[in-house]
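# Understanding the architecture of this molecule
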Amino acid sequence: MLTAGAAAFFALTTAPAPAATLSFVQNFSGGDFSVPRFPSVDSSGNVFVADGGNNAIDEFNPTNFAGTFQRFTGSFGAPSGVTVDSSGNVYFAEHSGERVGAFNLSNPAGTATIYGSNGNGSGQFFDPYGMAVDSAGNVYVADSNNNRIVRFNPSNFAGTFTSFGSGVFSSVSGVAVDSAGNVWVSDSGNNRIVRFNPSNFAGTFTSFGSGGSGAGQFNYPAGVALDSAGNVYVADENSSRIDAFNPSNFLGTFTSFGTGGSGNGQFTTPEGLTVDSLGNIFVADEGNNRIVELAGAVPEPVSAALLLGGAGLLAGFKRFGRARKA
């Protein structure tokens, strides 16, 4: 039987962390972006932006925006999504080209590799938007007008092309992959966020939210991203706000930040977002042609904090004789 002290210790170690508290940090624009969509961030904290109106992929480091800003141009057709893998391969989705492409940062002027064509069959895309890459190098694409999520490995595009969610999703926009391999989807047309594991789509399918503008509701959710504490962030496009929640306690941790407008902490059709390893959130504020940085203030889960000091706590229990995510 657990003593009172041990029971309290056990309860604390299983207590989930609250959702992150969002706050405004800064805007990045200066006339550099035009219709920015679905950004991404690499392991060094560099932010990549699908700059649709400029037919370009932009990169910058938030610690020195002007000094690190660079633009990659080529045969990009209104880029709508971007993601970067650990080898420096930059994958981009084209809104007008109806395809996915890639180039490497070691040779950005080189010819881009192109994957797919327009259509609804295997190896085809129709309005691809948000993108993500997992630890195995598989690329995920929100194939919006085909109402599905597509996965492929660049080493064998045709042989590994797989789709998920046809007949279930409506106008998907954003996609993210967590450290456990679960795929998170902005199911925009159904006003919800969906989580599934590719190994068992139907068996792991879970949805969060419904249509509306209140707590626990979305009005055309576009981008989706996760932080290291497991909090989920959503660019709630038609509500002009950013939502956050922890899937272990959806309603209990649901919080929103921002209103419609062009001031600090305001948004006009926020479309995509990404989170760096420090919990900073970068939002593609499409209607204001800028990237907005928010501080997520990622809380350390109580379990992790206590495990680090667990020996001292247990020692304290012995000295005094003493036998739960939003």
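The paragraphs below set out a description of the structure included in this document. Owing to the predicted nature of the structure, the values given are computational and were not obtained by experimental measurement.

## Looking at the nonpolar core
- Ranked by internal contacts, the top residues of the largest apolar core, which has 15 residues, are Y233, I242, F267, L273, I281, V283 and L294.
- Those residues in contact with L273 that lie beyond four places of it in its chain are P39, G223, V224, A225, Y233, V234, A235, I242, I281, F282 and V283.

## Quick look at the sheet that holds strand 30 (residues 290-295)
- Here we have four strands laid out as an open sheet, ordered 1-30-29-28, and antiparallel in their pairing. On the outer flanks of this sheet lie strand 1 (23-28) and strand 28 (270-275), each paired with one strand and no other. Averaged over neighbouring strand pairs, the angle between their axes works out to 25 degrees when direction is ignored.
- Looking at chain direction, strand 29 (residues 280-285) and strand 30 are connected through six bridges and run antiparallel. Bridge pairing in strand 30 links F282 to E293.

## A word on the side chain of D42
- If you trace the backbone, D42 turns up in the loop between strand 2 (36-41) and strand 3 (47-51).
- Among the polar contacts listed, one links the side chain of D42 to the backbone nitrogen of S44, at a separation of 2.9 Å.
- Here N46 takes part through its backbone nitrogen, which lies 2.9 Å from a polar atom of the side chain of D42.
- The contacts of D42, once residues within four sequence positions are left out, are F48 and V84.

## Thoughts on the sheet that holds strand 15 (residues 162-164)
- Pairing in this open sheet of four strands is antiparallel, and the strands run 12-13-14-15 from one edge to the other. Looking at the sheet topology across the chains shown, the edges are occupied by strand 12 (128-133) and strand 15. Direction aside, neighbouring strands of the sheet carry axes that sit 25 degrees apart on average.
- Taken together, the four bridges between strand 12 and strand 13 (residues 139-143) define a ladder with antiparallel strand orientation. Across the sheet, residue M131 finds its bridge partner in strand 13, namely V141.

## Describing the pairing of strand 23 (residues 232-236)
- Across the five residues of strand 23, five count as buried, placing the element largely inside the fold.
- Burial along strand 23 is two-sided: the face carrying V232, V234 and D236 and the face carrying Y233 and A235 are both buried.
- In the sheet, strand 22 (residues 221-226) pairs with strand 23 via four bridges, with the strands oriented antiparallel. Among the inter-strand pairings, L226 is bridged to a residue of strand 23, identified as V232.
- Adjacent in sequence and paired antiparallel, strand 22 and strand 23 are bridged by five residues, among which G230 carries a positive phi angle near 90 degrees.
- Here strand 23 runs beside strand 24 (residues 241-245); their pairing, made up of five bridges, is antiparallel. Residue pairing across strands places D236 opposite R241, the latter belonging to strand 24.

The rules we used
Residues numbered from 1 in each chain as written. Predicted model: local features only at pLDDT ≥ 70, side-chain atom pairs only at ≥ 80, totals over all residues. Heavy atoms only, no water. Core = buried A, V, L, I, M, F, W, Y, C linked by side-chain atoms within 4.5 Å. Buried < 20%, exposed > 50% of the residue type's maximum accessible area, 1.4 Å probe, protein only. Contact = heavy atoms within 4.5 Å. Pairing = 2+ DSSP bridges. Helix = DSSP H or I, 4+ residues; strand = E, 2+ residues; numbered from the N terminus. Axes fitted to C-alpha atoms, helices over the stretch in contact; angles between N-to-C directions. Polar contact = N/O pair within 3.5 Å; in protein donor to acceptor, adjacent residues only side chain to side chain.

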